[in-house]
Amino acid sequence: MAQHDPFLRLRHPSRAIRDQALHALTPYLEISHDTINRLSQRAASDGDRQLLATEVEQQAERSWSFFWEKLKQLVIAQIGIHESMAFPLQPEVFEKWLNLPSIAYHDQASFAEAYTRAIEENIRTEGMGKTVAKVFGLPIGGCCEPNTVLGKLFRSESAENDQVVESILARARTSSNPVVLLNSLETLLRFGLPKPTVQNAIAHILTKLLPPADNPEAHRVASSCKLYASALRFAWYRMESLEAYASMPVLQRVLLTYAYATGVTNLADELRDQENYDIDREFLAKWMDSRISSPGSAVFEDLFEEHLEVSHPMSIGAFRMTVSATLQILAAQKVRLAPFGDELLRLTIDTARSIVQATSEGGWEIYRPFVTTRNWFQAPWGRNAVASLKELIEGPLSDRLSRLGPAESEIVASVRSFDTRALLQIVLDQITSSGAWNPGDLLLVYLALSEPINAEQAERIRGAMQRLDLSQFQEEQDFQLSCAVIARCGRSTMDTAIHPEALDKLTDAWNSRASTLAHYVAIMDAALKLCLGMGGVASFYSWWERTINASQREIPSEVQGLVAGLTWTAPLACQSSLPSIRAKLLML
């Protein structure tokens, strides 16, 4: 399938060439033997060649294998790829591969049942090895529990079990997919010990997920995780822009992003291992990121990330997929860590040091509580990383801490004393007493308020928010963060008095502080999130109408275009107030 139009030769006058072309394509079409035989008969006849090519192309458009093989050939040929070519246009590609219907995402019980059936069907049609490879690429916990198909397999002592464990070991050695590595780590810890080959593989996986700073693999691991996270975001935005995906449940689209990211990392690994072509992963990650967002795109998009789903592609990052998840798995399997005592101590201290000294990229997540965070798929990253560190320090490592020197002991003491809620309280008190915020305060408060706060903190939050002066933060990134903090101050508490005060700050910012498109977008996005917690989307449009009608400033032309365009996408129930907004825009 080396040519760029793989269906061209199906239209060739020569029967032999048509037959060769079909033979080259059939391994990727994922169709039945009866269909293959029927197409072969048509290729051997002198019938309508265009009809043959069209039917094969339609089958190919639904094939997971074909999509990735075609993309692989384009990369090898170094042909420029448009974003429309880099993502399946038809959901059937994913649906056939995952074998999970949309109805499965209605509740977790339905999903568990459908997921179990899908695994059983995949084992029957594709075999155990391919099924495990597929399952291990998804962020779904519980697939190896005692009552599941895979759980029963891994607990059995059979030749098939040994074969699957060997396939896991082989894949873990070459894979750069963080989810595959995490699932392999957990499975091998639970079912593979005490075999020496398994112990070596576990140590190798840990070095991949948490490489020492001086390890030559550190850069490769970091670039692979960046690519994976970028692929998640790219897939999410592509589905947001394609009508064919519009009717899918949000949770289904979330899972599809992980299937896509698995395909991307598999492609990169295959090019490296089979074609000796080591793709520039950081360049590809930047290419994907450059095609997923534009000013204003966040406004009125699905706010699912605000619902505290830990696996949402717009909130996941390398730290959560490597440091947090690895520590969480180790803490959960702490009774099995005896063979790795020295390595575990080094790994824990190195990780704790990077967190304490703020050298871990994305390490700011330690300020996120992860207490009420929603984890619908039971992914292995639904916990605060420091909480897992504490559990390791107080558990399997407690007898080894006496070996540490003063510097390492100080790091351990810092971890033990760390508390996100207490730190939030200290920062809020400092802001209230000093009357000012700094960028560090913005980030810490934003993260700490990612979950509902207790009523005792509400007055502190209100006092701190009243002292947040948006004129201090004119740099776009800081301004966006300060608006987001205002929204979270309103949404994280049950204190209704905070909501109108927060909206007043955003209104003032619209009328006197905003100067760029990014500023206006940040204000609108924060106002929408606040209003959704107060009276629904209608209250947002009511605020928007009041704000624009009261505005006396000239709005930049690109903002006028954005606002005018968004008025046409408003829900029908909110359309009555929009003509006055459009009229006001014409006068500004």
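Thresholds applied
Residues numbered from 1 in each chain as written. Predicted model: local features only at pLDDT ≥ 70, side-chain atom pairs only at ≥ 80, totals over all residues. Heavy atoms only, no water. Phe/Tyr/Trp six-rings, centres within 6.5 Å; stacked < 30°, edge-to-face > 60°. Helix = DSSP H or I, 4+ residues; strand = E, 2+ residues; numbered from the N terminus. Buried < 20%, exposed > 50% of the residue type's maximum accessible area, 1.4 Å probe, protein only. Lys NZ or Arg CZ within 6 Å of the ring centre and 35° of its normal. Core = buried A, V, L, I, M, F, W, Y, C linked by side-chain atoms within 4.5 Å. Expected span 1.5 Å × (residues − 1). Arc of directions from axis to C-beta. Contact = heavy atoms within 4.5 Å. Salt bridge = Lys/Arg side-chain N within 4 Å of Asp/Glu carboxyl O. Disulfide = S-S within 2.5 Å.

Asks: Teacher, can you tell me more about the packing of aromatic side chains here?
Replies: The description of two aromatic rings rests on the distance between their centres and on the angle between their planes. Within this structure, the stated rule accounts for 27 aromatic pairs. On the numbers, 6.1 Å between centres and 20° between planes, the contact of Tyr258 with Trp381 is stacked. Here Tyr258, found in helix H13 (residues 250-274), pairs with Trp381, found in the loop between helix H16 (341-356) and helix H17 (385-394); they are 123 residues apart in sequence, far enough to count as distant. A relative accessible area of 0% places Tyr258 in the buried class. Connected via pairs of aromatic rings, a cluster forms that spans Trp64, Phe67, Trp68, Phe87, Phe94, Trp97, Phe234, Tyr245, Tyr260 and Trp287. Here the guanidinium or amino end of Arg488 rests over the ring plane of Tyr446, the centre of that ring lying 3.7 Å away.

Asks: Explanation requested: the nonpolar core in the structure shown.
Replies: The nonpolar side chains of a soluble globular protein tend to be buried with one another. Within the largest apolar cluster, 117 residues are counted, with the highest numbers of intra-cluster contacts made by Phe111, Leu150, Tyr260 and Trp381. Per-element accounting of this core gives the leading share, 13 residues, to H13. By size, the runner-up hydrophobic cluster in this structure holds 53 residues, among which are Ile486, Ala487, Ile498 and Leu530.

Asks: Would you take a moment to explain helix H9 (residues 159-174) for this structure?
Replies: Every α-helix winds through 3.6 residues per turn, so residues three or four apart in the chain are directed the same way. Taking 1.5 Å of rise per residue, 16 residues should cover 22 Å, and H9 covers 23 Å from first to last C-alpha, within 8% of that figure. Restricting attention to buried positions, one finds in H9 the residues Asn161, Val164, Val165, Ile168, Leu169 and Ala172. Along the axis of H9, the buried positions cluster into a sector of 145°, meaning they face one direction only. In H9, the exposed residues that point more than 90 degrees away from the buried face are Ala159 and Gln163. Where H9 is buried, its residues meet helix H7 (128-135), helix H8 (149-155), helix H10 (178-191) and helix H11 (196-209).

Asks: Please explain the pattern of salt bridges as it appears in this structure.
Replies: Pairing is possible between side chains that carry opposite charge, provided their charged atoms lie close to one another. Inspection of the entire model under this criterion finds 31 salt bridges. For the salt bridge of Glu309 with Arg374, the shortest nitrogen-to-oxygen distance reads 4.0 Å. Residue Glu309 is found in the loop between helix H14 (281-289) and helix H15 (318-332), and its partner Arg374 is found in the loop between H16 and H17; the two are separated by 65 residues along the sequence. By relative accessible area, which is 2% here, Glu309 ends up buried. Assessed through its relative accessible area of 32%, Arg374 is described here as partly exposed. Across the salt bridge formed by Asp342 and Arg403, the nearest N and O atoms sit 3.2 Å from each other. Of this pair, Asp342 sits in helix H16 while Arg403 sits in the loop between H17 and helix H18 (406-417), and the two are 61 residues apart along the sequence. Judged on exposure class, the residue Asp342 and its partner Arg403 are both exposed. Connected through salt bridges with shared partners, the residues Glu343, Arg346, Asp350, Arg353 and Glu408 form a single ionic network.

Asks: How should the state of the cysteines be read in this particular structure?
Replies: Put plainly, two cysteines are in a disulfide when a covalent bond ties their sulfur atoms together. All chains considered together, the criterion is met by 0 disulfides. Here Cys225 stays unpaired: no disulfide links it, and the sulfur of Cys143, its closest cysteine neighbor, is 20 Å away. Residue Cys225 is classed as buried on the basis of its relative accessible area of 4%.

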